[in-house]
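# Structural overview for review
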There are 2 protein chains.
Amino acid sequence: MAEKKSAEKGLSGGKEKTDLKTLARHLDISQTTISRVLNGTAARYRISEATQQRVLEAARKFNYQANVLASSLRSKRSRTIGVMVPEISEGYSSAVLSGIEDELLFAGYFYFVVSHRHRTELLRQYPSLLLSRAVEGIIAIDSDIQADLSVPVVAVSGHRNRPSVVNIELDHQLAAHHALEHLKQLGHRRIAFIKGQTFSSDTRSRWRAICKVAAELGLEIDPQLVVQLQDDGPGVDSGRTATAALLERGQLFTAIFAFNDLAAIGAITLLRETGLEVPRHISVVGFDDILGAATNNPPLTTVRQPLKEMGRVAAKTLLHMLQSSKDGWPKHSIRILPGFVERHSTAPPAVPPRNAFHSN
Amino acid sequence: MAEKKSAEKGLSGGKEKTDLKTLARHLDISQTTISRVLNGTAARYRISEATQQRVLEAARKFNYQANVLASSLRSKRSRTIGVMVPEISEGYSSAVLSGIEDELLFAGYFYFVVSHRHRTELLRQYPSLLLSRAVEGIIAIDSDIQADLSVPVVAVSGHRNRPSVVNIELDHQLAAHHALEHLKQLGHRRIAFIKGQTFSSDTRSRWRAICKVAAELGLEIDPQLVVQLQDDGPGVDSGRTATAALLERGQLFTAIFAFNDLAAIGAITLLRETGLEVPRHISVVGFDDILGAATNNPPLTTVRQPLKEMGRVAAKTLLHMLQSSKDGWPKHSIRILPGFVERHSTAPPAVPPRNAFHSN
DNA sequence: CTGAAAGCGCTTACAG
DNA sequence: CTGAAAGCGCTTACAG
């Protein structure tokens, strides 16, 4: 009964599905030969042109598509990879995913997406769940994979020092230089910083780079002007909160360098509500160059991460790792160069209205 | 050689992976029994408590995870579905995906995503590619699936009248009513419309609803005030272009109802560049309530689509269809109620500056 | 140049 | 209550 039901509604499903056996019987050719023709190894086995033609034609006519499950099980190649993201609905992840997809589908690979939403138990379970799904490799976007996996891993903005993990890393130093040099040139000296959430792996490396570059440029970082994004809301709220906390300290500053565009937009909104105009009173530099950055009011000056390209590079790298032995794997992180987009959220500093820093 | 290499790097992969046979040998219990215990059918076969305990413990100890490929192949249940989207990096699709994921992972399902980017050959190929991947069902987001498939299909904002397709449909009539009633109350009579791209399946149904509701409210629709989004860029550019075309017609209007928030934001940007302020000179109503709508300047008045919920409903519906026979499937579209968010891009109409409609 | 047979790792009638 | 054996639909040594 249960068996019967699944036979009706099961994977074999529709009217039109042909299997190898049927095709073989129809052509009076062995499954072996058909498989070889369809998998492009005909030449290796010197299968006659005539046979190849017959097979190809019949396959088309019967609309034959090999069952990937069976093929994967036997051949140990699933042509599937897993992608771990914090949250698929965020622009960051979905932009990278778009690049990954470009490469993968071109190579005949499909991918599973899992979002862990920063929950540790999901972060722990997902890698092995993906492995039980027979993925050949994993791309982790801003996600720390703790376990050592049996498949190659490429990490985008999440740096692991493990032998089987290759990192795709933004050049944070250059990024920091872009932003700070720009602010310095405009004349800013009192610059506030909104650091990223602790769970984001970019936070540390970017902050280190900022400190280093600031020192090089002779810019002092006042600990009183450093705040950190706290919670995990998808929107701009954590940027607002952080900016409010910053204002509460009552310290003078003329610019903010935000961890990302969302935080920058949140900062601008909050500043506006307290009577501070951007960039007239305060300049704000974002990070990422998300879709909304250009259409924000004012349009955001921001460090541009080439997210889609990072996805493409990640996928390309993983595919390469799948095809070569470990000694062919990249030895180091793969460095991605950020851009810088000057729009209208930055300007030379001006003295802020006198009550600005005494709002509650 | 090739065989050997794949055995090294293949799916069986890591050190820690155990298979059923090994486990059975170790426990001196048949694979059958182990499989039953692990699949939760122990009760049905009255497997003794003691045996169950031993199996469970060993499975944990050896970190046994059934190979889903093998299991799917035999049982005809892949616990995988396919999701077709126009473009994964767009907020619309990724918000719906987020809701889908909520439900699916809870039920032990994984999903493949494919983006067709409105290319017809991809739209045609993907369904059968997904079927060859043994998906049990497909969710199509804003994507017309032409073929009749052998698996159940749920369409989100893409309405097919086919027996095996269930539609998740926004109540466009209510949506149109929200927006037009709001504009009417404010005093607007000359309302311009930016229609959606022809490839978007929502375009037609929404426009029909708008025409109907406009008639009901006694609002006239001037064909001269109707423009359409043309190209397929992900950003706000098509909204700008459409608005420019609208202005070029030199007709008076006091409000715009845009097909989506991106177009609305594009419209606002373009209006601003030609010296028209929103909402002082022109009111703009968006559609979707994407993340950027609230932080736009001015914050967007917009029809809210509960995208994540639509994803959840789509997944729930598909899972339900997979578990019941066809007579248990929903007979009609499943209707989703839109909300309406009044922010600051709308206001009572004012006479526009006299040169406004003679810009080139 | 081609094919018969084994086997991937499971689940499931079938038998007891 | 439990298990031996068949089989899902492929690919791949192996043999000729």
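See the structure shown above.
Residues numbered from 1 in each chain as written. Chains lettered and ligands numbered in written order. Predicted model: local features only at pLDDT ≥ 70, side-chain atom pairs only at ≥ 80, totals over all residues. Heavy atoms only, no water.

## Observations concerning empty space enclosed by the protein
Counted by the stated rule, this structure contains four cavities of 30 Å³ or more. In this structure, the largest cavity spans a volume of roughly 140 Å³. Along the wall of the largest cavity there are 14 residues; nearest its centre are Leu69, Phe112 and Arg133 of chain A together with Leu69 and Phe112 of chain B. Taken together, the elements giving at least two residues each to the lining of the largest cavity come down to α5 (68-75) of chain A together with α5 (68-75) of chain B. (1 Å grid on protein atoms, 1.4 Å probe; cavity = no way out; pocket = protein on both sides within 12 Å on 5 of 7 lines; lining within 4 Å. Points joined across faces, edges and corners; volume = space filled by probe spheres on them. Helix = DSSP H or I, 4+ residues; strand = E, 2+ residues; numbered from the N terminus.)

## What to know about the sheet that holds strand β9 (residues 283-288) of chain A
All names here are of chain A. Taken in spatial order, the six strands make up an open sheet running β7-β6-β8-β9-β10-β12, and their pairing is mixed. Edge positions in the sheet fall to β7 (226-228) and β12 (339-341), since each of these pairs with one other strand and no more. Averaged over all adjacent pairs, the angle separating strand axes in this sheet is 20 degrees, with direction ignored. In terms of strand pairing, strand β6 (residues 191-195) meets strand β8 (residues 255-258) through four bridges, oriented parallel. Residue pairing in the sheet places isoleucine 191 in a bridge with alanine 255 of β8. Lying on the sheet, helix α9 (residues 201-217) is in contact with β6, β7, β8 and β9; it crosses β6 at an angle near 165 degrees. Strands in contact with helix α11 (residues 261-273) are β6, β8, β9 and β10 (301-304); relative to β9, the strand with the most contacts, it is inclined by about 155 degrees. (Pairing = 2+ DSSP bridges. Axes fitted to C-alpha atoms, helices over the stretch in contact; angles between N-to-C directions. Contact = heavy atoms within 4.5 Å.)

## A word on the nonpolar core
Across soluble globular proteins, nonpolar side chains have a tendency to be buried as a group. Ranked by size, the top nonpolar core spans 102 residues in total, and within it Ile139 and Leu180 of chain A together with Ile139 and Leu180 of chain B carry the most contacts. Not counting the four nearest positions on each side in its chain, leucine 180 of chain A is found in contact with Ile191, Phe193, Ile210, Val213, Ala214, Leu217, Leu219 and Phe257 of chain A. With 36 residues, the next largest nonpolar core counts Ile145 of chain A together with Tyr126, Leu149 and Val153 of chain B among its residues. (Core = buried A, V, L, I, M, F, W, Y, C linked by side-chain atoms within 4.5 Å. Buried < 20%, exposed > 50% of the residue type's maximum accessible area, 1.4 Å probe, protein only.)

## Comments concerning the packing of aromatic side chains
Inspection of the entire model under this criterion finds nine aromatic pairs over all chains. Taken together, a centroid distance of 5.3 Å and an interplanar angle of 85 degrees make the contact between phenylalanine 112 of chain A and phenylalanine 110 of chain B edge-to-face. With one member in each of two chains, phenylalanine 112 of chain A in strand β2 (residues 110-115) and phenylalanine 110 of chain B in strand β2 (residues 110-115) form a pair that bridges those chains. Taken individually, phenylalanine 112 of chain A and phenylalanine 110 of chain B each receive the classification buried, so the pair is uniform in this respect. Among the aromatic residues, those joined into a ring-pair cluster are Phe110 and Phe112 of chain A together with Phe110 and Phe112 of chain B. Here arginine 36 of chain A stacks its cationic end above the ring of tyrosine 45 of chain A, 3.9 Å away from the centre of that ring. Note that arginine 133 of chain B overlies the ring of phenylalanine 112 of chain B, its terminal NZ or CZ placed 5.7 Å from the centroid. (Phe/Tyr/Trp six-rings, centres within 6.5 Å; stacked < 30°, edge-to-face > 60°. Lys NZ or Arg CZ within 6 Å of the ring centre and 35° of its normal.)

## Some details on helix α7 (residues 120-132) of chain B
For the α-helix, the turn length of 3.6 residues means that residues three or four positions removed from each other point alike. Compared with the 18 Å implied by 1.5 Å per residue over 13 residues, the 19 Å span of α7 of chain B between its first and last C-alpha is a close match. Among all positions of α7 of chain B, only Leu122, Leu123, Tyr126, Pro127, Leu130, Leu131 and Ser132 of chain B are buried. Residues of α7 of chain B that are buried in the fold lie against α5, α6 (91-106) and β2 of chain A together with β1 (80-85), β2 and β3 (137-141) of chain B. Trailing α7 of chain B by a residue or two, alanine 134 of chain B shows a phi angle of about 65 degrees, which is positive. (Expected span 1.5 Å × (residues − 1).)

## As for the pattern of salt bridges
Counted by the stated rule, this structure contains 22 salt bridges over all chains. Measuring nitrogen to oxygen at the nearest pair gives 2.7 Å for the salt bridge that ties glutamate 136 of chain B to arginine 77 of chain B. With a gap of 59 residues between them, glutamate 136 of chain B in the loop between α7 and β3 and arginine 77 of chain B in the loop between α5 and β1 connect regions that are remote in the sequence. One salt bridge in this structure joins arginine 343 of chain B and aspartate 289 of chain B, with 3.1 Å as the shortest N-O distance. Note that arginine 343 of chain B is positioned in the segment after β12 (339-341) and aspartate 289 of chain B in the loop between β9 (283-288) and α12 (291-295), a separation of 54 residues in sequence. In the salt-bridge network here, residues are joined through shared partners; they are Glu87 and Arg117 of chain A together with Glu101, Asp102 and Arg312 of chain B. (Salt bridge = Lys/Arg side-chain N within 4 Å of Asp/Glu carboxyl O.)

## Overview of the interface of chain B and chain A
Residue-level contacts link 67 residues of chain B with 66 residues of chain A. Buried area between chain B and chain A, summed over both chains or domains, comes out near 5600 Å², and the portion from carbon and sulfur atoms is 56%. Inspection of the region where chain B meets chain A yields four salt bridges. A salt bridge links arginine 117 of chain B to glutamate 101 of chain A, with the nearest nitrogen and oxygen atoms 3.8 Å apart. For the pair chain B and chain A, the number of links is 18 residue pairs in polar contact (both at pLDDT 80 or more). Looking at the side of chain B that touches chain A, the elements that each hand over two or more residues are α1 (2-9), α5, α6 (91-106), β2, α7, α11 (261-273), α12 and α13 (307-323) of chain B. Looking at the side of chain B that touches chain A, the element that brings in the most residues is α6 of chain B, giving seven residues. (Buried area = accessible area lost by both parts, 1.4 Å probe. Polar contact = N/O pair within 3.5 Å; in protein donor to acceptor, adjacent residues only side chain to side chain.)

## Quick look at the pairing of strand β8 (residues 255-258) of chain B
All names here are of chain B. Going residue by residue along β8, you find Ala255 and Phe257 tucked away on one face and Ile256 and Ala258 tucked away on the opposite face as well. The pairing of β8 with β9 spans three bridges and is classified as parallel. Each bridged residue has a counterpart across the sheet, and for alanine 255 the counterpart in β9 is serine 283. Crossover β8 to β9 through α11 is right-handed. (Right-handed = clockwise from strand over helix to strand, strands pointing away.)

## Describing the side chain of threonine 346 of chain B
All names here are of chain B. Along the chain, threonine 346 falls in the segment after β12. Among the polar contacts made by the side chain of threonine 346, one reaches the side chain of histidine 182 at a distance of 2.9 Å. A distance of 2.9 Å separates the side chain of threonine 346 from the side chain of threonine 301, its partner in a polar contact. With residues up to four places along the chain from it excluded, the contact list for threonine 346 reads His182, Leu183, Leu186, Pro279, Ser283, Val284, Val285 and Thr301.

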